[in-house]
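# Commentary on secondary and tertiary structure
So you can see what is in the structure, the chains are spelled out below.
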Amino acid sequence: MDRLRNFGFLLAELSRRYVQLFEQLAQGTGLKLTTCRALAYLERHEGICQSRLAELAAIEPMALVRLLDRLQAEGLVQRVADPQDRRVHRLVLCEAARPVLQRIREISSRAREQVFAGIEPGEREEFLRVLERLNDNLGAVQAPAAPLRPEDAPSQPARRRPGSRPARSPRRYSS
C-alpha cells in the first residue's frame, strides 16, 4: 500500500489526537484550547487587529469578541484603538497574561514530550524541518495571507459585496 496516499488522513489524525492530549493535560487549569490559541498567537503577533487574530487562531470572529471581552475583564488583554482607523482595535497583552502564557507553554511542553517519546533528537529535528518545508510549499501555492506586522495591516477592513457572507477559515490547532 502506498503510504503517501494516507498523508492527509494521518496528518488530520495526528492533529486531532494532539489536540485531545493538550486538552487532557490542560484539564483542571481553567484553560480552554481557544483561549490558549488566542493568547499564544497574540504573544507572537502583538498589536494585530481582532479580525486577523480570529483568522490566525481559527476562531469565529464573534466568538473571539466574547473571548476578548472575558480576557480584557480578567486583565490579560487590552484593546487599543488603531490611530489610523478608530473602528479597528489592536490587541496587546497585559502583564497579568505572562503567568498564563507560561502555563500554556508548560502544557505544550508536556504534550510535545509525550508525542516525541522514543524519537531521537535528530529524527525530531528532521521531522520538523520537513513539516516546515511542507508548510512553505502550501504557502507558496495559496493566496498570500494578510500581513502580520501591525504597521503593514490595512487601516480599513475589506469591503464585502452587499448580501455576501464572509469566508469561513478552516479550523487549525496549534499550541
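Before any of the text, the structure's been laid out above.
Okay, so let's go over this structure. (Residues numbered from 1 in each chain as written. Predicted model: local features only at pLDDT ≥ 70, side-chain atom pairs only at ≥ 80, totals over all residues. Heavy atoms only, no water.)

### A word on helix α4 (residues 61-73)
- An ideal rise of 1.5 Å per residue puts 18 Å on 13 residues; α4 measures up with 18 Å between its terminal C-alpha atoms.
- Considered for burial, the residues of α4 that qualify are L64, L67, L68 and L71. Down the axis of α4, the smallest arc covering the buried residues is 100°, so these residues share one side. Residues M62, R66 and A73 are exposed on α4 and point more than 90 degrees away from its buried face.
- Positive backbone phi, approximately 75°, marks G75, located one or two places after α4. (Helix = DSSP H or I, 4+ residues; strand = E, 2+ residues; numbered from the N terminus. Expected span 1.5 Å × (residues − 1). Buried < 20%, exposed > 50% of the residue type's maximum accessible area, 1.4 Å probe, protein only. Arc of directions from axis to C-beta.)

### Here's the deal with the side chain of Q50
- Counting through the fold element by element, Q50 comes out in helix α3 (residues 50-57).
- Residue Q50 is classed as buried on the basis of its relative accessible area, which comes to 17%.
- Setting aside chain neighbours within four positions, we find Q50 in contact with L64, V65, L68, R79, H89 and L91. (Contact = heavy atoms within 4.5 Å.)

### Observations concerning the packing of aromatic side chains
- For the coordinates displayed, the defined rule picks out 1 aromatic pair.
- On the numbers, 6.1 Å between centres and 70° between planes, the contact of F116 with F127 is edge-to-face. One end of the pair, F116, is in the loop between α5 (97-115) and α6 (121-141); the other, F127, is in helix α6, with 11 residues separating them in the sequence.
- Judged by relative accessible area, F116 falls into the buried class, the value being 18%.
- For F127, a relative accessible area of 35% gives the class partly exposed.
- Sitting over the face of the ring of Y41, R44 holds its NZ or CZ atom 5.5 Å from the ring centroid. (Phe/Tyr/Trp six-rings, centres within 6.5 Å; stacked < 30°, edge-to-face > 60°. Lys NZ or Arg CZ within 6 Å of the ring centre and 35° of its normal.)

### Description of the pattern of salt bridges
- For the structure shown, the criterion picks out 10 salt bridges.
- Between R103 and E106 there is a salt bridge whose closest N-O contact spans 3.2 Å. Of this pair, R103 and E106 both sit in helix α5, 3 residues apart, roughly one helical turn. (Salt bridge = Lys/Arg side-chain N within 4 Å of Asp/Glu carboxyl O.)

### Overview of unusual backbone geometry
- Even without being glycine, A58 reaches a positive phi, approximately 55°.
- Position of A58 among the secondary structure elements: in the loop between α3 and α4.
- The buried category is assigned to A58, whose relative accessible area is 11%.

### With respect to a nonpolar patch on the surface
- A surface patch of nonpolar side chains, amounting to about 790 Å² of accessible area, comprises L4, F7, L11, L14, V115, F127, L128, V130, L131 and L134.
- A total of 5 residues in the nonpolar patch trace back to one element, the largest contributor, which is α6.
- Relative to the helices and strands, L11 resides in helix α1 (residues 7-26). (Patch = residues over 30% accessible without salt bridge, like charges linked within 9 Å, V, L, I, M, F, W, Y side chains within 5 Å. Areas by Shrake-Rupley, 256 points an atom, 1.4 Å probe, with all protein chains shown as cover.)

### Some details on the packing of α1 against α5
- For the pair α1 and α5, interaxial distance at closest approach is 9 Å and the crossing angle is 130°. Comparing the axis directions of α1 and α5 gives the class oblique. Between α1 and α5 the crossing geometry is right-handed. Along the contact surface, α1 presents Y18, L21, F22, L25 and A26, while α5 presents I104, I107, S108, R110, A111, R112, Q114 and V115.
- Its residues assigned to classes, the contact of α1 with α5 comprises 9 nonpolar, 2 polar and 2 charged. (Axes fitted to C-alpha atoms, helices over the stretch in contact; angles between N-to-C directions. Parallel < 35°, antiparallel > 145°, perpendicular 65-115°, else oblique. Left-handed = near helix turned anticlockwise from the far one by under 90°. Nonpolar A, V, L, I, M, F, W, Y, C, P; charged D, E, K, R; others polar.)

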